[in-house]
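Here is what each chain is made of, one letter per residue.
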Amino acid sequence: MSVSTAALDPSVCAPLPVLGQDVTVPLVTGGEVTYAALDYAASAPALQRVWDDVAAYAPYYGSVHRGAGYLSQLSTDLFENSRRTVAEFLGCRPEDQVVFTRSTTDSLNLLAAAIPANCQVFVYETEHHASLLPWRDAQVTYLNAPRTPGQAVETLERALADRDPYGPALVCVTGASNVTGELWPVRELATAAHAHGARIVLDAAQLAPHHPVDIAELDVDWVAFSGHKLYAPFGSGVLAGRADWLQAAEPYLAGGGASRKVARRADGGVDVDWHTTAARHEAGSPNVIGVYSIASACKALTEAGFDSLVAREQELVSRVREGLAEVPEVQVLSLFGDDAPRVGVISFVVRGWNSSHFAAALSAEYGIGVRDGLFCAHPLVRTLLGSDPQDPGECGAPEAEPGERSLNAIRVSFGAGTPDEHIDRFLRAVTELVREGAQWKYRTEDGRCVPDRGEAAQV
């Protein structure tokens, strides 16, 4: 079964309380406005529930796995209970391991360090750099961007049919694009991978915050995601799935916690007996607060009712897409077409505008935070914009002056904490900027488009 969207009444779910809902920011034109955080795809605001849980635990903070005292024992229990909570949230199989990392990027680099020798890796050019780049010691086949979900499966099947059938192989694919928000046919890709003797890892960084992820149902071998996109604070991530490659690999980091026994040899060397559990790849004092915050977010999303959250987000997606469609100068970027199911991540360009100039005006004149650039998915954005791979332009840094065409795009993203007013303000701002232009002059400073603070800066 593919990942699909729910068709429920969005009125059953209100926005979840998140930090920063009442933060006000100054406008370059004067006055202040409540900040509209529409950059969830980069980092979602922390849920108030998560922050409250962490604050309640903070006085009881203790070193995990390393102390006999009450606070250390309490923290150890909380840490391991968090592991079980995440496993349940992801629908892990009994034999799966949950390894805590720093982020999705860290998780995929950990897996890359654990793949067997001579492993062939298959990855689409459409991936975020966290999925595209870690496989430096493997034989990598980069697959061209498909234009339909069916073509994605066909492309993978052809590539796998041509591989060495006797060696290990791994497919890496996103669940939801961080550029277009489109959902990928994960279950079908997993079926294709397994039919050809390959394994598959799911980059769920953009999927997990917006949609239930079930490892067993999707039949993937591993799932990776970040806490800071799942309404938790920065600094924690997860790699969950099959244990065998992880147990057979050298520890990702060598140090305390990864080892069960260390002894000097007669020749002066050191013998090490490494853990075979998740601790093997969790050396050092773990980020217990970060881990607990992920578990808290998993509980909060589950208790809120993920189907209802999905339904409300789909209503917001429809409103944004319909609103942008009313502005002829706006081109929404898509791989799979207008009818493709997607999460609350939408990228677009505006004819006649430098994307960084447009994003700067949204912030300075309307108090709206979006993202501009190539979104750490350079090959995909270049493909969608029809630019040459050698054209200039880099993630988050404009190469053109305000008013000139740029090779970047604008991304608006939202989720469980987004109020209706933020969407309404965004659509109004896009319409006004396109029809009336910016009210302020802008210039490029240190690679960013910023308001000009000179005396004659107002248009």
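Before going into details, it helps to say that this report is about the structure given with it.

How each quantity is defined
Residues numbered from 1 in each chain as written. Predicted model: local features only at pLDDT ≥ 70, side-chain atom pairs only at ≥ 80, totals over all residues. Heavy atoms only, no water. Helix = DSSP H or I, 4+ residues; strand = E, 2+ residues; numbered from the N terminus. Buried < 20%, exposed > 50% of the residue type's maximum accessible area, 1.4 Å probe, protein only. Pairing = 2+ DSSP bridges. Axes fitted to C-alpha atoms, helices over the stretch in contact; angles between N-to-C directions. Phe/Tyr/Trp six-rings, centres within 6.5 Å; stacked < 30°, edge-to-face > 60°. Contact = heavy atoms within 4.5 Å. Salt bridge = Lys/Arg side-chain N within 4 Å of Asp/Glu carboxyl O.

Overview of unusual backbone geometry
A positive phi is found at Asn 118, a non-glycine position, where the angle reads about 65°. Mapped onto the fold, Asn 118 is located in the loop between helix 3 (104–114) and strand 5 (120–124). Since its relative accessible area comes to 70%, Asn 118 is described here as exposed. In this structure, Asp 219 is a non-glycine residue whose phi angle is positive, near 60°.

Comments concerning the sheet that holds strand 16 (residues 371–373)
The strand order 13-14-17-16 describes an open sheet built from four strands, whose pairing is antiparallel. Either end of the sheet is taken by a strand with one partner, and the two such strands are strand 13 (330–332) and strand 16. On average, each strand axis in the sheet is inclined to that of its neighbour by 30°, with strand direction left out of account. The sheet contact formed by strand 14 (residues 345–350) and strand 17 (residues 409–413) spans four bridges and is antiparallel. The partner of Ile 346 across the bridge, within strand 17, is Val 412.

Notes on the packing of aromatic side chains
Under the criterion given, the structure shown has 10 aromatic pairs. Plain terms: the ring middles of Phe 348 and Phe 426 are 6.1 Å apart, the flat faces sit at 65° to each other, and that makes the pair edge-to-face. Taken together, the positions of Phe 348 in strand 14 and Phe 426 in helix 13 (residues 420–436) put the pair 78 residues apart, joining distant regions of the chain. Looking at Phe 426, the relative accessible area reads 0%, which means it is buried.

A word on the environment of Glu 313
Note on placement: Glu 313 falls in helix 10 (residues 306–325). Sequence separation between Glu 313 and Arg 342 is 29 residues; the distance between their C-alpha atoms is 9.9 Å. With near-sequence residues (within four places) excluded, Glu 313 lies in contact with His 210, Val 343, Gly 344, Phe 414 and Gly 415.

Regarding the pattern of salt bridges
For the coordinates displayed, the defined rule picks out 23 salt bridges. Note that Arg 49 is salt-bridged to Asp 53, the shortest N-O span being 3.0 Å. Note that Arg 49 and Asp 53 are positioned in helix 1 (residues 48–57) at a spacing of four residues, about one turn of the helix. Arg 49 gets classed as partly exposed once you look at its relative accessible area, which sits at 30%. Across the salt bridge formed by Glu 432 and Arg 428, the nearest N and O atoms sit 3.7 Å from each other. Of this pair, Glu 432 and Arg 428 both sit in helix 13, separated by four residues, roughly a single helical turn. Since its relative accessible area comes to 24%, Glu 432 is described here as partly exposed. What makes Arg 428 partly exposed here is its relative accessible area of 41%.

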